[in-house]
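Each chain, written out:
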Amino acid sequence: MLERIRARLPRVREAAEGEPAVDVRVSVERRGGTSHGTIALVSAGERAERAASSVSCDRVLVALAVMAAIGLEGGELPVPGEEPEATAPSEGPDEVAPTPLAPTPDTPPRSARPSRRATRRQPPRPAPAPRPRIGFALGTSAEVSVNRSLVVTPGLFGQVGFPGRFAPVVRAGIRRSFRADTVSPFGTVGLQWSEVAVAGCGDLLRQPTVRVGPCLNAEGGVLEAVVIEPLPSRVRSAAWLSAGASARISWRPLQAVSFELLGGVRAPLIRNQLLFEPAALVYEAPPVVPFLGASVLGHWP
């Protein structure tokens, strides 16, 4: 922080021991994916404080350095030269010890500066930190699973995100697969799944634009089987229910748009079987179905 301030106000330096100076205290805290920072300048028993917030910690530090340089240069903050009161750094998240700053020898003498009473203004109150909000999103997805054969399933879903430690999200949507043909010695069957899918996810790793975490999934709906060979052709349907787990990685380059990859396995809770009469097994749901999907989401607010 000292180097950032000196880049904008070169005449400022770190004070020597016992030299009248302005104490600089910096605190940055990460809450709900946003960095909230404050900088306080204390001298002669007086205190001026500024605040800044951003998704980027580096931007917060840049803004705080600019505020401190403006305050020291413009005279709206306390001017060193009086007997300072003893102060101790307060403890807080990511807070560094106060750094005493003093002007370099080329600083005009105090008598040449405007009166402190004439130039000092009441510092504004720091802006309150934004409250965490519930987020909403709509998305479209495409999934590829291995269910005896490759099955491609597009879908639509809605999502609700909640503030909290792991930023949990709950999503629900509908999906309908393209027809997947299964060939056996007894004939050919076309299979198609229509289902309602529900998932709950949380973040274990959170960065400004990237998040990674686990999910729990459940699906329920109807499995339709169309007998293509031998004749006569007929259609059968049965209930479909499965549950599983997956991992999710989300990339949100813009506030309103994010992209996701989701991969995992699901286990059918109903082992559907398709038989040709009298008892020729054509299809049986496997015990485990691996899958991989991609999604695009639009967020608001």
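Up top is the structure.
Criteria and cut-off values
Residues numbered from 1 in each chain as written. Predicted model: local features only at pLDDT ≥ 70, side-chain atom pairs only at ≥ 80, totals over all residues. Heavy atoms only, no water. Helix = DSSP H or I, 4+ residues; strand = E, 2+ residues; numbered from the N terminus. Buried < 20%, exposed > 50% of the residue type's maximum accessible area, 1.4 Å probe, protein only. Contact = heavy atoms within 4.5 Å. Areas by Shrake-Rupley, 256 points an atom, 1.4 Å probe, with all protein chains shown as cover. Core = buried A, V, L, I, M, F, W, Y, C linked by side-chain atoms within 4.5 Å. Disulfide = S-S within 2.5 Å. Pairing = 2+ DSSP bridges. Phe/Tyr/Trp six-rings, centres within 6.5 Å; stacked < 30°, edge-to-face > 60°. Lys NZ or Arg CZ within 6 Å of the ring centre and 35° of its normal.

Turning our eyes to something else, we now look at the overall build of the chain. Along its length, the chain carries three helices and 17 strands. Across the 301 residues in the chain, those meeting the buried criterion constitute 38%. For the chain, long-range pairs separated by at least 24 residues make up 60% of all intrachain contacts whose partners lie at least 6 apart in sequence. Summed over all atoms, the accessible surface of the chain reaches about 16,900 Å², with 61% contributed by carbon and sulfur.

Another aspect to go through is the nonpolar core. Val 26, Ile 39, Leu 41, Leu 64 and Leu 72 are the most contacted members of the largest nonpolar core, which totals 16 residues. Secondary-structure elements contributing two or more residues to this core are β2 (22-31), β3 (34-43) and α2 (57-74). With residues near it in sequence (within four places) discarded, Leu 64 still touches Met 1, Val 26, Gly 37, Thr 38, Ile 39, Arg 50, Ala 51 and Ala 52. Core analysis: the second largest hydrophobic core is formed by 12 residues, Val 151, Leu 223, Val 282 and Tyr 283 among them.

A complete count under the given rule lists one disulfide for this structure. Here Cys 201 engages in a disulfide with Cys 215; their sulfurs sit 2.1 Å apart. Disulfide Cys 201-Cys 215: torsion about the S-S bond near 110 degrees, hence right-handed. Linking Cys 201 in strand β10 (residues 187-201) with Cys 215 in strand β12 (residues 210-227), this pair joins segments that are 14 residues apart in sequence. Look at Cys 201 and you get buried, because its relative accessible area is 5%. Classification of Cys 215 by relative accessible area gives buried; the value is 3%.

Here Ser 177 is to be found in the loop between β8 (169-176) and β9 (180-184). Judged by relative accessible area, which is 2%, Ser 177 ranks as buried. Not counting residues within four places of it along the chain, the set of residues in contact with Ser 177 comprises Val 151, Val 152, Thr 153, Pro 154, Gln 192 and Trp 193.

Examined against the element boundaries, Pro 301 turns out to sit in the segment after β17 (289-300). Taking the C-alpha atoms as reference, Pro 301 lies 7.9 Å from Ala 256; in sequence the two are 45 residues apart. Filtering out sequence-adjacent residues up to four positions away, Pro 301 remains in contact with Arg 133 and Ile 134.

Assignment of secondary structure puts Ala 137 in strand β6 (residues 135-147). Taking the C-alpha atoms as reference, Ala 137 lies 5.9 Å from Gly 158; in sequence the two are 21 residues apart. Ala 137 has contacts with Phe 157, Gly 158, Gln 159, Leu 297, Gly 298, His 299 and Trp 300, leaving out every residue within four places of it along the chain.

Here β8 shows one buried face, formed by Val 169, Arg 171, Gly 173 and Arg 175, and one open face, formed by Val 170, Ala 172, Ile 174 and Arg 176. In terms of strand pairing, strand β7 (residues 149-161) meets β8 through seven bridges, oriented antiparallel. Within β8, the residue paired with Gly 155 across the bridge is Arg 175. Strand direction decides the pairing type here: β8 and β10, joined by eight bridges, are antiparallel. Directly across from Gly 173, in β10, lies its bridge partner Ala 197.

A few words on the packing of aromatic side chains. One pass over the structure, following the stated rule, counts three aromatic pairs. Seen from the ring of Phe 291, Arg 266 lies directly overhead, with NZ or CZ sitting 4.2 Å from the centre.

As far as function goes, none of this settles anything; it's purely spatial.
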